[in-house]
Amino acid sequence: VWYAPTLQGLPGKEEKWMFQQFLDANIAVAGIDVGESYGSPAGRAVFTAFYEHLVQKQGLSRTPCLLARSRGGLMLYNWAVEHPSSVACIAGIYPVCNLSSFPGVGNACGAFEMTAEQLTTKLSEHNPIDRLKPLAGAQVPIYHIHGDSDTVVPIEKNSGELARRYRQLGGDITLNVVEGQGHNMWSGWFECQELVDFIKSHAH
């Protein structure tokens, strides 16, 4: 299982239960700090080197399960769409799937070494919701859990829109909508047996 974002203080202690379920099932958990890259080409290149290290040096699976929380969605989806045959499944906890929604083009453009205007012009080349076709073609299953009261990463612009487009492409996605929950550290996000079972079913 690849987890993102792996930054200072992340993953948090709240995610310990979830990770322990994977470890108890003999599933390794891994991550790498790619900074606030927002799914940029530079961040994607680090993930590719990470993949090669885990497969070639550590002998781990050639098809990891990707687990994205919040802005980790930008990081993992943008790598996954360029390596669809190397992905067993994708799971998300209120994941960001739309750069224009969060952090916004103006905030993300620096990580892409572009101006806001340049990134706007090339947004479809870097925005997960616009890049789903390879994942659908490879029949990569997806599971998201997202709150209907999320004001930081609104469901309708992120998981909801991704689910709509993925289904149009023939992709298999489950969207678990949690009523009354927003972008927070509620334990239900990290102790979701359905999410854990989804990943475990695709990890072996």
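Note that the structure is predicted; figures quoted are calculated from it, not measured.

Caption draft 1: The overall build of the protein chain, seen in detail. Along the backbone of the protein chain there are nine helices and five strands. Ordered by position from the N terminus, the helices and strands of the protein chain form the series β-α-α-β-α-β-α-α-α-β-α-β-α-α. In terms of overall dimensions, the protein chain is globule-like: its C-alpha atoms have a radius of gyration of 16 Å, near the 17 Å expected for 204 residues. Considering only C-alpha atoms, the protein chain reaches an extent of 45 × 45 × 35 Å along its principal axes.

Caption draft 2: Fine view of the sheet that holds strand 3 (residues 89-93). Ordered by their spatial adjacency, five strands build an open sheet running 1-2-3-4-5, and the pairing between neighbours is parallel. Among the strands making up the open sheet, the edge pair consists of strand 1 (2-4) and strand 5 (173-178). Averaged over all neighbouring strand pairs, the angle between strand axes comes to 15°, with direction disregarded. Looking at chain direction, strand 2 (residues 65-69) and strand 3 are connected through five bridges and run parallel. What sits directly across from Cys65, in strand 3, is Cys89. Taken strand by strand, helix 9 (residues 193-203) contacts strand 2, strand 3, strand 4 (142-147) and strand 5, and its axis lies near 165° from that of strand 3.

Caption draft 3: Structural context of the pattern of salt bridges. Following the criterion strictly, the structure yields eight salt bridges and no others. The closest approach of N and O atoms between Arg44 and Glu82, which form a salt bridge, is 2.8 Å. A residue pair is termed long-range when its members are at least 10 positions apart, and Arg44 in helix 2 (residues 41-57) and Glu82 in the loop between helix 3 (72-80) and strand 3 qualify at 38 residues. Its salt-bridge partner being Glu82, residue Arg131 comes within 2.7 Å of it at the nearest N-O pair. Highlighted residues: Arg131 in the loop between helix 5 (116-121) and helix 6 (133-137) and Glu82 in the loop between helix 3 and strand 3, separated in sequence by 49 residues. Each of Asp130, Glu161, Arg164 and Arg165 takes part in salt bridges that share partners, so that together they form one network.

Caption draft 4: Up close: the side chain of Ser159. With respect to the helices and strands, the residue Ser159 is situated in helix 7 (residues 159-168). For Ser159, a relative accessible area of 0% gives the class buried. Here His144 takes part through its side chain, which lies 2.9 Å from a polar atom of the side chain of Ser159.

Caption draft 5: Just the packing of aromatic side chains, in detail. Taken as a whole and judged by the stated rule, the model has nine aromatic pairs. Consider the rings of Trp2 and Trp79, whose centres lie 4.9 Å apart with planes at 45°: the pair is tilted. In this pair, Trp2 sits in strand 1 while Trp79 sits in helix 3, placing the two residues 77 residues apart along the sequence. With a relative accessible area of 3%, Trp2 lands in the buried category. Consider the rings of Tyr3 and Phe19, whose centres lie 5.4 Å apart with planes at 80°: the pair is edge-to-face. A residue pair is termed long-range when its members are at least 10 positions apart, and Tyr3 in strand 1 and Phe19 in helix 1 (residues 16-24) qualify at 16 residues. Its relative accessible area of 2% is what places Tyr3 among the buried residues.

Scoring rules and cut-offs
Residues numbered from 1 in each chain as written. Predicted model: local features only at pLDDT ≥ 70, side-chain atom pairs only at ≥ 80, totals over all residues. Heavy atoms only, no water. Helix = DSSP H or I, 4+ residues; strand = E, 2+ residues; numbered from the N terminus. Rg over C-alpha atoms; globule rule 2.2 N^0.38 Å. Pairing = 2+ DSSP bridges. Axes fitted to C-alpha atoms, helices over the stretch in contact; angles between N-to-C directions. Contact = heavy atoms within 4.5 Å. Salt bridge = Lys/Arg side-chain N within 4 Å of Asp/Glu carboxyl O. Buried < 20%, exposed > 50% of the residue type's maximum accessible area, 1.4 Å probe, protein only. Polar contact = N/O pair within 3.5 Å; in protein donor to acceptor, adjacent residues only side chain to side chain. Phe/Tyr/Trp six-rings, centres within 6.5 Å; stacked < 30°, edge-to-face > 60°.

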